[in-house]
Amino acid sequence: MYWLRRFTYLTVPVALVIFLATYLPIVLDPTSRGPESRARDRLWVSSSPYFWDRQACRWISLCGLHHLRRDPAVLPPMFDDDDLGGELRVELRKRMDRTWEEDAGLDGLGSESKRSKRSDSKRNPQERRKIPREVPQYVLDYAPFVHLYSGEQFWPSDIREHIQHMIVTVDHMRLNLTEKVSLQSLQSLNRYDNHMVTLHSLEDVESRPKWLHSHDNLPNPFDDPDASTPPPHGDGRQVHSEPDTWFDVDKKHPIHRISDPRNQQKPAYAPSPSPGKEQQRIIPRGHKPDSDGYSKAPATLVLVDKGSGVLDAFWFFFYSYNLGQTVLGLRFGNHVGDWEHCMVRFQNGVPRGIFFSEHEGGQAYAWEAIEKRGRRPVIYSAVGSHAMYALPGSHPYVLPFKLLQDVTDKGPLWDPALNNYAYFYDYTLEDPKDTIEHEDSIGEKGLLHDTHSFVPAASNPDAPTTWLHYQGRWGDETYTLADPRQWRLFGQYHYVTGPSGPKFKNLERQTLCPARNCRLLYEIDPKGTWY
């Protein structure tokens with residue numbers, strides 16, 4: 001009996017820890033796991049060639065224990081410019097300096113093809129809809145600043161450079177293409193819409209190739225005389241009343257008044273006394289960025305009209321690699337390709353609220369709650385994961401006791417308004433029946449969804465739009481359990497699948513957050529509670 005009690009005292013706490021570590025992340029996960037997801041998981045577990053590895057994975061959520069090892073952000077020594085041959089370095093720089101028009105040549109589209117495209121647009125009614133519009137000045141006046149982490153190792157990336165290092169896989173199998181994938185040919189991959197399509201790295205990411213870090217796109221910090229301190233913080237849960245439903249609106253659900261409109265002043269946009277740096281087609285200024293927050297990697301701006309005078313401005317930021325966070329010295333959540341975004345909601349030209357993306361979720365704030373430099377909001381990007389927060393410091397999530405946390409600080413300040421590609425998106429034009437016959441660069445024909453729902457802004461009228469409709473993932477699919485780089489402990493993977501593109505971030509949403517249960521905070525929670 002004595003030994004039975006001791007055995008019970010020992011096994012019960014261990015079993016409780018395993019149970020909580022396994023199921024707590026599942027309960028807190030904002031995404032749902034359907035039958036297809038569970039079937040894929042069973043296949044993933046079965047990929048291990050070792051019997052005991054499969055059993056440990058199925059019964060106590062310890063998968064790939066024999067693969068565990070350190071996963072540093074960088075490999076010593078850090079590479080310098082001399083690590084690459086001169087010829088290769090010149091070629092890489094040339095490729096990164098391509099304009100959108102030059103990039104079209106990657107699909108074999110010469111000037112003759114461009115001329116025929118222009119002449120066709122006169123006869124095509126869908127092309128005639130694509131009249132370039134100017135980005136409203138108030139969108140630029142209230143564009144965000146992004147504080148990247150001072151110790152970051154994976155900086156903003158150019159999507160054109162990123163895909164040059166990718167191959168295409170369909171259900172883990174390499175797709176044989178006669179030409180390299182390009183922005184113009186990405187949409188042609190949608191013909192495999194019933195399969196998992198991914199852009200897969202040509203190189204082993206654990207060798208930390210130079211393009212993965214994107215050091216050349218690091219913006220230099222600069223001093224801003226208009227810098228302001230954050231507003232006073234409470235617990236972030238203060239209740240406010242609003243005059244109307246600006247926080248929950250789209251074209252099918254117009255704004256309606258909540259309180260007496262006679263007590264409310266109609267907001268009106270007042271332009272800046274000095275327009276400052278206006279939106280323009282930015283030409284890269286040399287190989288290194290200037291010391292004014294400029295980065296060579298362009299951000300992506302998508303403007304979505306929700307009706308009732310409401311405009312959502314989505315700012316998307318791309319990174320070639322997401323370095324996961326560590327728990328007890330083990331790293332979880334790595335993936336190739338990383339799309340992060342914030343969204344500013346305007347009502348009659350006045351900013352009313354802002355959303356910050358954080359992993360699979362995010363947080364929405366009223367405009368007056370967040371820190372600003374002058375009139376522009378300040379975002380803090382977490383080291384490695386690039387999740388977006390309203391304050392510097394540590395930000396625990398998913399697990400208690402700060403076992404899993406993001407960290408932000410006042411590192412290099414990035415001004416995405418200096419270099420971006422802007423689009424207008426009309427989600428009401430998305431119709432699954434609206435298809436066009438397409439022939440890709442390797443001569444294969446098929447029906448694809450039409451692309452006239454995205455229109456380039458006047459600042460970049462020749463920017464391609466087809467890549468925005470690409471339904472696949474921008475990075476490697478989750479490595480199998482047989483892969484020596486992969487492990488999974490208590491439901492958390494070392495490597496996960498890369499993200500989908502901007503179009504699939506619920507751009508048509510009514511609320512500020514992608515999910516319907518969006519809570520709008522009027523104060524920032526400085527405690528960073530993990531739940």
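Analysis parameters
- Residues numbered from 1 in each chain as written.
- Predicted model: local features only at pLDDT ≥ 70, side-chain atom pairs only at ≥ 80, totals over all residues.
- Heavy atoms only, no water.
- Helix = DSSP H or I, 4+ residues; strand = E, 2+ residues; numbered from the N terminus.
- Buried < 20%, exposed > 50% of the residue type's maximum accessible area, 1.4 Å probe, protein only.
- Polar contact = N/O pair within 3.5 Å; in protein donor to acceptor, adjacent residues only side chain to side chain.
- Contact = heavy atoms within 4.5 Å.
- Phe/Tyr/Trp six-rings, centres within 6.5 Å; stacked < 30°, edge-to-face > 60°.
- Lys NZ or Arg CZ within 6 Å of the ring centre and 35° of its normal.
- Pairing = 2+ DSSP bridges.
- Core = buried A, V, L, I, M, F, W, Y, C linked by side-chain atoms within 4.5 Å.
- Axes fitted to C-alpha atoms, helices over the stretch in contact; angles between N-to-C directions.
- Nonpolar A, V, L, I, M, F, W, Y, C, P; charged D, E, K, R; others polar.
- Salt bridge = Lys/Arg side-chain N within 4 Å of Asp/Glu carboxyl O.
- pLDDT = per-residue confidence, 0-100.

Looking at an unreviewed UniProt entry, one finds the protein chain named Vacuolar sorting-associated and attributed to Trichoderma cornu-damae.

1. Remarks on the side chain of R485
Relative to the assigned elements, R485 resides in the loop between β22 (454-456) and β23 (488-489). Using a relative accessible area of 15% as the deciding quantity, one classes R485 as buried. A polar contact of 2.9 Å, which involves the side chain of R485, links it to the side chain of D204. Apart from residues no more than four positions distant in its own chain, R485 is found in contact with R69, D204, V205, E206, Y479, H494 and Y495.

2. Notes on the side chain of H341
Counting through the fold element by element, H341 comes out in strand β10 (residues 335-347). Those residues in contact with H341 that sit more than four places away from it in its chain are F314, W315, F316, F317, F355, F356, S357, M388, K505 and R509.

3. Looking at the environment of Y522
Along the chain, Y522 turns up in the segment after β25 (520-521). The exposure class of Y522 is buried, given its relative accessible area of 9%. Sequence separation between Y522 and A366 is 156 residues; the distance between their C-alpha atoms is 5.2 Å.

4. Concerning unusual backbone geometry
One non-glycine residue, D171, lies in the positive phi region at around 55°. Relative to the elements of secondary structure, D171 occurs in the loop between β3 (166-170) and β4 (173-174). Not every positive phi belongs to a glycine, and N348 is a case in point at roughly 55°. When you line up the elements, N348 lands in the loop between β10 and β11 (350-358). Classification of N348 by relative accessible area gives partly exposed; the value is 33%.

5. Digging into the packing of aromatic side chains
One pass over the full model with this rule turns up 19 aromatic pairs. Ring geometry for F356 and Y365: centres 5.7 Å apart, planes at 55°, overall tilted. Judged by its relative accessible area of 0%, F356 falls in the buried class. Among the residues examined, Y365 registers a relative accessible area of 8% and is labelled buried. By way of ring pairs, the aromatic residues F314, F316, F318, W339, Y423, W467, Y470 and W474 are connected into one cluster. Stacked on the ring of Y427, the Lys or Arg K251 has its end atom at 6.0 Å from the ring centre. It is R485 that lies over the ring of Y479; its NZ or CZ is 3.9 Å from the centre.

6. Concerning the sheet that holds β3
Sheet architecture is open: 3 strands sit in the order β4-β3-β5, paired in antiparallel fashion. Pairing within the sheet leaves two strands with one partner each, and these edge strands are β4 and β5 (197-201). The sheet contact formed by β3 and β5 spans 5 bridges and is antiparallel. Within β5, the position partnered with T169 by the bridge is T198.

7. Overview of the nonpolar core
By size, the foremost hydrophobic cluster in this structure holds 49 residues, and its most contacted members are L186, L199, W467 and W474. Among the elements that take part in this core, strand β7 (residues 310-322) stands out by supplying 4 residues, more than any other. In this structure L186 touches V181, L199, W467, Y470 and W474, once residues within four positions along its chain are discounted. L140, W367, A390 and F424 belong to the second largest nonpolar core, which has 37 residues in total.

8. Regarding the packing of helix α2 (residues 35-46) against helix α3 (residues 51-60)
Packing of α2 against α3 leaves a shortest axis separation of 9 Å and a crossing angle of 145°. For the pair α2 and α3, contact is made by W44, V45 and S46 and by R54, C57 and R58, respectively. Residues belonging to the contact of α2 with α3 are distributed by class as follows: 3 nonpolar, 1 polar and 2 charged.

9. Brief notes about the pattern of salt bridges
Pairing is possible between side chains of opposite charge, provided their charged atoms come close. Enumeration over the complete set of coordinates arrives at 15 salt bridges. One salt bridge in this structure joins R160 and D158, with 2.8 Å as the shortest N-O distance. Each member of the pair, R160 together with D158, is buried. The residue E371 makes a salt bridge to K410 at a minimum N-O spacing of 3.9 Å. Here K410 lies in the loop between β17 (405-408) and β18 (413-414) and E371 lies in the loop between β12 (361-366) and β13 (372-373), a separation of 39 residues in the sequence. Here the residues in one salt-bridge network are D71, R208 and R331, joined through shared partners.

10. Overview of the sheet that holds strand β24 (residues 492-493)
With antiparallel pairing, 3 strands are arranged side by side in an open sheet as β1-β23-β24. Every interior strand has two partners, whereas the edge strands, β1 (62-63) and β24, have only one. As paired elements, β23 and β24 share 2 bridges and run antiparallel to each other. The residue bridging R488 from the neighbouring strand is Y493, located in β24.

11. Observations concerning the pairing of β3
Of all 5 residues in β3, 5 are buried; the element is thus mostly enclosed. Of the two faces of β3, both are covered, the one formed by M166, V168 and V170 as well as the one formed by I167 and T169. The pairing of β3 with β4 spans 2 bridges and is antiparallel. The residue of β4 that forms the bridge with V170 is M173. Counted along the chain from β3 to the antiparallel partner β4, the turn is 2 residues long, and its residue D171 has a positive phi close to 55°.

12. With respect to the confidence of the model for the protein chain
Within the protein chain, residue pLDDT values average 79, and 71% of them lie at 70 or more. In this model, residues 261-267 is a region of pLDDT below 50 whose contacts with residues beyond four sequence positions or in other chains number 7 contacts. Below pLDDT 50 for its whole length, residues 272-290 participates in 39 contacts with residues either more than four positions away or in separate chains.

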